[in-house]
Amino acid sequence: MGIRLPFLKRAATFEHGIHPAYHKETGSLPIRRLAFAPRLIVPLAQHIGKAAVCCVAVGQEVLRGQVIADPDGFMSLPVHAPATGVVEAIGLMPSASGKMVESVTIRVYEADGQEVQVGTPRDIDGLDKQELLLAIQQTGISGLGGATFPAHVKLNVPPETAIDTMVVNGAECEPFLTCDHRIMVERTQDLLRGIRIAMKVSGASRTVIGVEDNKPDAIAAIEAALPTDGSITVKALETKYPQGAEDTIICALLGREIPAGQRPASIGVLVNNVMTLAYLGRLLPAGEGIVERVLTVAGPAVEKPGNYIVPIGTPLRFLLEQVGARSSAKEIILGGPMMGTTVSSLDVPVTKGTSGVLAFGEAQLAGETQRSYACIKCGECLNVCPKFLNPSQLGLLAAKREYALMAERYHLDRCFECGCCSYVCPSHIPLVQQFRIAKAVNRERAAA
Amino acid sequence: MSMELRTSPHQHSGRDVPVIMRNVVYSLLPICAFSVWQYGLSAAALIVTVTLACLVAERINNRISGAGNTLSDWSATITGVLLALTLPPAFPLWMGAVAGFAAIWLGKSLFGGLGQNPFNPALIGRAFVQAAFPTAISTWAPAFAAQRFGEFIPSSLAAPFMAPPDIASWVRQQGVDAFTGATPLARWKFENITPSAMDFLTGHITASAGETSAILILLCGLYLAARKFLDWRIPVAVLGSAMLLAWAFHLAQPERYPTPLFVLLSGGLMLGAWFMATDMATSPVTPRGIWLYGALIGILTVVIRYFGGLTEGVMYAILIANAAGPLLDQFNQPRILGGKRDKS
């Protein structure tokens, strides 16, 4: 823990957190397009909520941008064909979580020009709130930062909660990931258009964009494009993990705490990720659905790391071949190294929520597989926990399987699994893993 | 490509238990070197003997418990070096070995090893020999004796279970001026004489092997704190509370109570504050718990020194605070972000 000198001007931040090696080398590389994979596997559930209902048949020809699955109710999103081609199969396919999920497999026409074929431009200024919400749902956009919460549900603020401020999350605090950074630099106008749409729908009167100070070009690009009325501002955040978590970014930018167990809306705040808003600002006026996304492919076992536009449904194997994955790759992570999940199969596809694909080799694993020691109660985990929990105590209780006590007295449910405690633990105790198990057991017990 | 499935996070800071422990050992080396410079062969032999005893005790326990080799975590080495530094420089080596075994077995192995022990093992070792060998542990040797590098102080090589030879004749033979055989704390307590601050700085005082140079201990401690291998709040709380209390007493009755500076520099307070109280396994982890724990040590030290039968109070102050640690943690759980302050 550092000593704070109040007379020094510092970037906005929260207390605690860690400074891992950030590896933002790809932050200076412009977004590039990758070739289409010969086959795309498009899951029908890429968002939190009910899966979409398939509306095409095997053998049917589909156009890039065409709806291939309709939303099933309000808490659901449509799925669009990410390429022009033929529906080859509809059925269960492996997904990143390891579960089999209903997916549409499309054989891509090789001659496809990669243009979106379906879409009706519309005048968004003429739409009222309900029409906008419907239009947003039709884009199929879910939280593109990885949360995959349907955008229209999040922006549909119930009338009894008043939102005064929208926080735009451009922190991108996970190491290696730089796709949000490039979006802010290269698609600034899309982002600001998306922000205005989101403000109109949610009723927020002001917006603060938070960007970590290791992306000065993104801050400059946004500043240059801001409207003069002062309703939208950009603020530099200290480069620190997990600056981009909802609690911490709100704390850093607005100095407000979300009461334990509540949503940001309870204190009048709405948090949206920059990628989500940039795609909203791009797709909504064009009347298109989301068929591709920008993501970071990086890691020590990747020869050509960078930020790529990748069609939804691209199998990881194809993606990694395109960027030259080394044979030393041992661990493929979806998302960032702090919170991302590993995959067991390279046949799983990129989905709307995939913000990064990282390939780690032996050297990185060696650090992870260090022998573990008993807890020496060094207290480092308390010094870094952004929620001010006591991971040390939680870990000791987890070892004794006192899962109920962990929740009752030590706020287990407040842990959002950022991994700071595991990162610093000198005993290499898999704290986050223990907490996940404890939560799962508690959930099962509650359900039983 | 064979895929590994793991849970996040997929990165680690790289700082692990052996790294922390090793750095503590490194930071103790200047203090050891100074002790050897002051007391020569006897101090060197004492540090080596006690440390080896701790390592042997740890290894034997590994064999018995089947818990694998734990010497590589460096924690037994720290216990050994720290324990040696709290003993009189001419402490009989066999008693030092007994202290080492007591430290590891009674202080650590009994509770399940690293991290499980409620009390600082080095202090358990010292408390054990304080009870077992009360005379030897209050027999002091003069610093900077002429033949200190050439010959052992006789008591060092005392045969086990025999009365250690008196070191007074050796001292006379060495021609050391004004050696009284009492520590500054004892001289203050029983004779009301306090040495000059200069004597503390140069180490021209009678004390345990590693306690003489408060300034050196401070520098070594600061190094560890700067590299974040110890929690700076603990020594600040210990020294701060001891100084404040000593200052209050001194203001009330200056002729009876010494200056706060004397209290800070004398005895084992510096070593205790920086290297014993900060022992991770036996100190609290919650922020408020840490401050209270440190304050408790500082206050108890002064109270024991002023009103107890002992001249020195740091060892018992820390052991008592160790015992209170878990309770301090339990009642001072941090307020979680967005939460209300807890009662327990």
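Sequence positions are assigned chain by chain, starting from 1 and proceeding in written order. Each chain takes a letter, starting from A, and each ligand takes a number, starting from 1, following the order in which they are written. The predicted nature of this model means local features are confined to residues of pLDDT at least 70 and side-chain atom pairs, given and counted, to a pLDDT of 80 or more, with totals for whole chains, interfaces and linings taken over all residues. Side-chain measures here rest on the full set of heavy atoms in the structure, leaving out hydrogens and waters.

1. Examining the domain arrangement of chain B
Residues and elements named next belong to chain B.
Thinking step 1. All domain edges in this entry derive from an automatic or database-based domain assignment. Once the domains are mapped, chain B shows domain 1 (16-160) and domain 2 (179-332).
Thinking step 2. A C-alpha centroid distance of 20 Å is found between domain 1 and domain 2.
Thinking step 3. Counting residues at the interface gives 36 residues for domain 1, matched by 36 residues for domain 2.
Thinking step 4. Using a 1.4 Å probe, buried area is obtained as the accessible area two parts lose upon being combined, added over both of them. The largest contributions to the domain 1 side of the interface with domain 2 come from Ile31, Leu123 and Trp140, which together make up 21% of the buried area.
Thinking step 5. Put simply, a salt bridge is a Lys or Arg side-chain nitrogen that is within 4 Å of an Asp or Glu carboxyl oxygen. Summed over the shared surface of domain 1 and domain 2, the number is zero salt bridges.
Thinking step 6. Strands are runs of DSSP state E lasting at least two residues, helices are runs of H or I lasting at least four, and both sets are numbered from the N terminus onward. At the level of secondary structure, the elements contributing two or more residues to the side of domain 1 that touches domain 2 comprise helix 1 (17-39), helix 3 (75-85) and helix 5 (121-132).
Thinking step 7. If you tally residues by element for the side of domain 1 that touches domain 2, the top one is helix 1, at twelve residues.
Thinking step 8. Polar here means any residue other than Ala, Val, Leu, Ile, Met, Phe, Trp, Tyr, Cys and Pro, which are nonpolar, and Asp, Glu, Lys and Arg, which are charged; Gly is therefore polar. Tallied by class, residues from the side of domain 1 that touches domain 2 come to 26 nonpolar, nine polar and one charged. Only heavy atoms enter the contact rule, under which two residues are in contact if any of them lie within 4.5 Å.

2. A closer look at the sheet that holds strand 13 (residues 292-298) of chain A
All names here are of chain A.
Thinking step 1. Each pair of strands is called paired provided DSSP finds at least two bridges between the two strands. With respect to topology, six strands assemble into an open sheet ordered 1-14-13-17-15-16, the strand pairing being mixed. Lying at the two open borders of the sheet, with one neighbouring strand each, are strand 1 (32-33) and strand 16 (341-342).
Thinking step 2. Here six bridges tie strand 13 to strand 14 (residues 306-311), and the two strands are oriented antiparallel to one another. Of the residues in strand 14, the one forming a bridge with arginine 293 is valine 310.
Thinking step 3. Relative to strand 13, helix 3 (residues 179-186) is tilted by about 125 degrees, and along the sheet it contacts strand 13 and strand 14. Under this scheme, a helix contributes an axis fitted over its contacting stretch, all axes are lines through C-alpha atoms, and angles between N-to-C directions fall in the 0 to 180 degree range.

3. Considerations on the UniProt feature "binding site: [4Fe-4S] cluster 2" (unreviewed entry) in chain A
All names here are of chain A.
Thinking step 1. On the UniProt side, "binding site: [4Fe-4S] cluster 2" (unreviewed entry) is annotated at positions that read Cys385, Cys415, Cys418 and Cys421 here. A compact arrangement is adopted by the annotated residues: their sequence extent is 37 residues, whereas the largest C-alpha distance between any two is 10.6 Å.
Thinking step 2. Mapped onto the elements, cysteine 385 comes out in the loop between helix 10 (380-384) and helix 11 (391-399).
Thinking step 3. Those residues in contact with cysteine 385 that lie beyond four places of it in its chain are His16 and Pro391.
Thinking step 4. Among the structural elements, cysteine 415 can be located in the loop between helix 12 (403-410) and helix 13 (420-424).
Thinking step 5. Ignoring anything within four residues of it in the chain, the contact list for cysteine 415 reads Leu389, Phe435 and Lys439. UniProt positions are given in the numbering used here, feature names are shortened, and annotations may be inferred rather than shown by experiment.

4. Digging into the environment of Arg233(B)
Residues and elements named next belong to chain B.
Thinking step 1. The topology assignment puts arginine 233 in helix 10 (residues 233-252).
Thinking step 2. For each residue, the accessible area found with a 1.4 Å probe, counting protein chains only, is set against the maximum for its type, and the residue is called buried under 20%, exposed over 50%, and partly exposed in between. Looking at arginine 233, the relative accessible area reads 5%, which means it is buried.
Thinking step 3. For arginine 233 and alanine 67, which are 166 residues apart along the polypeptide, the C-alpha to C-alpha distance reads 34 Å.
Thinking step 4. For this analysis, a polar contact is any N or O atom pair within 3.5 Å, provided that within protein one partner can donate a hydrogen and the other can accept it, and provided that sequence-adjacent residues contribute only side-chain to side-chain pairs. Here the side chain of arginine 233 touches aspartate 231 through a polar contact of 2.7 Å, side chain to side chain.

5. Some details on the UniProt feature "transmembrane region" (unreviewed entry) in chain B
Residue and element names in this part refer to chain B.
Thinking step 1. In the numbering adopted here, UniProt assigns the feature "transmembrane region" (unreviewed entry) to residues 36-57, 78-106, 205-225, 232-251, 257-277 and 289-307.
Thinking step 2. With 57% helix and 0% strand, residues 205-225 has end C-alpha atoms that lie 27 Å from one another.
Thinking step 3. Taken as a whole, residues 232-251 contains 95% helix and 0% strand, while its terminal C-alpha atoms sit 28 Å from one another.

6. Some details on the packing of aromatic side chains
Thinking step 1. Pairs were defined over the aromatic rings of Phe, Tyr and Trp, the Trp ring being its six-membered one, requiring ring centres within 6.5 Å. Orientation was assigned from the angle between planes: stacked under 30 degrees, edge-to-face over 60, tilted for the rest. Evaluation of the coordinates by the stated rule reveals 15 aromatic pairs over all chains.
Thinking step 2. Each ring, one from Phe34(B) and one from Trp37(B), has its centre 5.8 Å from the other, and the planes form 55 degrees; the classification is tilted. Here Phe34(B) pairs with Trp37(B), and both are found in helix 1, just three residues apart, close to one helical turn.
Thinking step 3. A relative accessible area of 17% places Phe34(B) in the buried class.
Thinking step 4. Since its relative accessible area comes to 49%, Trp37(B) is described here as partly exposed.
Thinking step 5. Plain terms: the ring middles of Tyr257(B) and Tyr306(B) are 4.8 Å apart, the flat faces sit at 25 degrees to each other, and that makes the pair stacked. Note that Tyr257(B) is positioned in the loop between helix 10 and helix 11 (260-265) and Tyr306(B) in helix 13 (residues 287-307), a separation of 49 residues in sequence. Both residues of the pair, Tyr257(B) and Tyr306(B), count as buried.
Thinking step 6. Taken together, the ring pairs in this structure connect Trp188(B), Phe249(B), Tyr257(B), Phe262(B), Tyr306(B) and Phe307(B) into an aromatic cluster.
Thinking step 7. Note on criteria: charge over ring means Lys NZ or Arg CZ within 6 Å of the ring centre, with the direction from the centre no more than 35 degrees off the ring normal. Stacked on the ring of Phe14(A), the Lys or Arg Lys240(A) has its end atom at 4.6 Å from the ring centre.
Thinking step 8. Its end group placed over the ring of Phe229(B), Arg15(B) keeps NZ or CZ at 4.3 Å from the ring centre.

7. A closer look at the pattern of salt bridges
Residues and elements named next belong to chain A.
Thinking step 1. Inspection of every chain in the model, using the stated rule, returns 19 salt bridges over all chains.
Thinking step 2. Between glutamate 88 and arginine 107 there is a salt bridge, and its shortest N-O distance comes to 3.3 Å. Taken together, the positions of glutamate 88 in strand 7 (residues 85-94) and arginine 107 in strand 8 (residues 100-108) put the pair 19 residues apart, joining distant regions of the chain.
Thinking step 3. Overall, the relative accessible area of 37% leaves arginine 107 in the partly exposed class.
Thinking step 4. Notably, a salt bridge pairs aspartate 190 with arginine 282, separated by 2.8 Å at the nearest N-O pair. With aspartate 190 in helix 4 (residues 188-202) and arginine 282 in helix 7 (residues 274-286), this pair connects stretches of sequence that are 92 residues apart.
Thinking step 5. When salt bridges with common partners are traced through the structure, they connect Arg33, Arg64 and Glu292 into a single cluster.

8. Observations concerning unusual backbone geometry
Thinking step 1. In this structure, the amide linkage connecting Tyr241(A) to the following residue, Pro242(A), adopts the cis form with an omega of -5 degrees.
Thinking step 2. Its location among the elements puts Pro242(A) in the loop between strand 11 (232-237) and helix 6 (246-254).
Thinking step 3. Of note, the bond from Ser8(B) into Pro9(B) is cis; its omega dihedral lies within 30 degrees of zero at -5 degrees.
Thinking step 4. Its place among the elements puts Pro9(B) in the segment before helix 1.
Thinking step 5. Phi at Arg401(A) is positive, roughly 60 degrees, even though this residue is not glycine.
Thinking step 6. In this structure, Arg401(A) sits in the loop between helix 11 and helix 12.
Thinking step 7. Under the relative-accessibility criterion, Arg401(A) is labelled exposed at 60%.
Thinking step 8. Positive phi values are uncommon outside glycine, yet Glu417(A) reaches one of about 65 degrees.

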